[in-house]
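Listed here are the chains, written in short residue letters.
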Amino acid sequence: MPNQINASDINVKSFKIHSATKAFNLVKPFTELVIYENLFQSSLRADLTILDSHNYAYKLPIVGEETIEVDISLTGFDDETTSVKPPVFHVNAIRDREFTKPKSQLLSLELVSEQYMSSIHSKVSKAYRDKTISEIVKDIHDTYLDDGVKPFTVESTDRIERCVIPNLNPIDAITWLSKRAISTESSIVNYLFYETIAGAYFVNLN
């Protein structure tokens, strides 16, 4: 196994941005994609930088919530090719612009996951009784956040709960519940809700 992956080992098979009216292939202008996985962050974030000589921000236009689809393959691990297909992202903001030439600019976009977008467009107003917090969390996730692609891993919690979710978006509701969740193995409140490329998780820190 090699100690590192070289640029020649990476093949960007597909890199598309979809707006409400049209789509562009970003394989050629693509410069950098950084995806952030964080135990203490409820959804995936990413930064995308492209060398824009076609004024995508105006022509698409980029106004927010555009869809980004990425399909990358890596070669080099024992000469095997591995497909890395991150989940669908959405443009949350234009982070920065830096003009490199009179008709060219480096355009930096802030991206958020499908889970984040689903959450900000939903509200949970529901009373739960005679359920554990893990059962409540699974119900909220499956109802509002499930994209039908990534798995959701839920670790069982102790104690039957009665609670009312007071008009919170789904991520805020699950985060609120995580501060009340107690593991079946201990009496410590240490549950986390986070998302990775592989899926979403509601598990205790241990």
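Model, not experiment: these values are computed from the prediction.

J.: Describe the overall build of the protein, and please don't skip the residues or the numbers.
T.: Secondary structure summary: the protein contains four helices and 15 strands in total. For the protein, the C-alpha atoms occupy an extent of roughly 60 × 45 × 25 Å along the three principal directions. For the protein, with 206 residues in total, the buried portion stands at 42%. Long-range contacts, defined as pairs at least 24 residues apart, comprise 61% of the intrachain contacts of the protein with a sequence gap of at least 6. The distance from the centre of the 21 positive side-chain charges to the centre of the 28 negative ones in the protein is 7 Å.

J.: Account for the pairing of strand β14 (residues 191-195), naming residues and giving values.
T.: Most of β14 is tucked away: five of the five residues are buried. Here β14 shows no split at all, with Tyr191, Phe193 and Glu195 on one side and Leu192 and Tyr194 on the other all buried. Strand direction decides the pairing type here: β14 and strand β15 (residues 200-204), joined by five bridges, are antiparallel. From the neighbouring strand, Tyr191 faces β15, where its bridge partner is Asn204.

J.: Hey, could you go over the nonpolar core for me, with residue numbers and the actual values?
T.: Phe15, Leu26, Leu48, Ile62, Ile68 and Leu111 are the most contacted members of the largest nonpolar core, which totals 22 residues. Of all elements in the fold, only β1 (10-18), β4 (45-52), α1 (56-59), β5 (67-77), β7 (89-101) and β8 (104-113) reach the threshold of two or more residues within this core. Top contributing element to this core by residue count: β5, with four residues. Not counting residues up to four positions away in its chain, the partners in contact with Ile62 are Ile17, Tyr56, Ala57, Val91, Ile94, Leu107 and Leu109. Judged by nonpolar contacts, the second largest core, of 19 residues, contains Tyr128, Ile165, Ile171 and Ala200.

J.: Residues and numbers for the packing of aromatic side chains, please.
T.: Considering all chains together, one arrives at five aromatic pairs under this definition. Between Tyr194 and Tyr201, the aromatic rings sit 5.2 Å apart at their centres with planes inclined by 15°, giving stacked as the arrangement. The positively charged end of Arg45 is found above the aromatic ring belonging to Tyr116, 4.6 Å away from the centroid.

J.: An account of the pattern of salt bridges is needed here, citing residue identities and associated values.
T.: For side chains bearing opposite charge, pairing can occur when the charged atoms are close. Taken as a whole and assessed by the stated rule, the structure comprises eleven salt bridges. Arg162 is the partner of Asp130 in a salt bridge, and the nearest nitrogen-oxygen pair spans 3.7 Å. Placement of the pair is Asp130 in strand β9 (residues 124-132) and Arg162 in strand β12 (residues 160-168), with a sequence separation of 32 residues. Taking relative accessible area as the criterion, Arg162 reaches 57% and is therefore assigned exposed. The residue Asp142 makes a salt bridge to Lys138 at a minimum N-O spacing of 2.6 Å. With Asp142 and Lys138 both in helix α3 (residues 133-145) and four residues apart, this pair spans about one turn of that helix.

J.: Residue-level account of the environment of His54, with values.
T.: Positionally, His54 belongs in the loop between β4 and α1. Look at His54 and you get partly exposed, because its relative accessible area is 43%. The spatial distance from the C-alpha of His54 to the C-alpha of Lys103 is 8.1 Å, given a sequence separation of 49 residues.

J.: Please set out the packing of α3 against helix α4 (residues 170-178) residue by residue, giving values where relevant.
T.: For the pair α3 and α4, the least separation of the axes is 10 Å and the interaxial angle reads 170°. Of the possible angle classes, the one that applies to α3 and α4 is roughly antiparallel. Residues Ile133, Ile136, Val137, Ile140, His141, Tyr144 and Leu145 of α3 form the contact with α4, whose participating residues are Pro170, Ile171, Ala173, Ile174 and Leu177. Grouping the amino acids of the contact of α3 with α4 by side-chain chemistry returns eleven nonpolar, one polar and no charged.

What counts, and at which threshold
Residues numbered from 1 in each chain as written. Predicted model: local features only at pLDDT ≥ 70, side-chain atom pairs only at ≥ 80, totals over all residues. Heavy atoms only, no water. Helix = DSSP H or I, 4+ residues; strand = E, 2+ residues; numbered from the N terminus. Buried < 20%, exposed > 50% of the residue type's maximum accessible area, 1.4 Å probe, protein only. Contact = heavy atoms within 4.5 Å. Lys, Arg positive; Asp, Glu negative; His and termini not counted. Charge placed at Lys NZ, Arg CZ, Asp CG, Glu CD. Pairing = 2+ DSSP bridges. Core = buried A, V, L, I, M, F, W, Y, C linked by side-chain atoms within 4.5 Å. Phe/Tyr/Trp six-rings, centres within 6.5 Å; stacked < 30°, edge-to-face > 60°. Lys NZ or Arg CZ within 6 Å of the ring centre and 35° of its normal. Salt bridge = Lys/Arg side-chain N within 4 Å of Asp/Glu carboxyl O. Axes fitted to C-alpha atoms, helices over the stretch in contact; angles between N-to-C directions. Parallel < 35°, antiparallel > 145°, perpendicular 65-115°, else oblique. Nonpolar A, V, L, I, M, F, W, Y, C, P; charged D, E, K, R; others polar.

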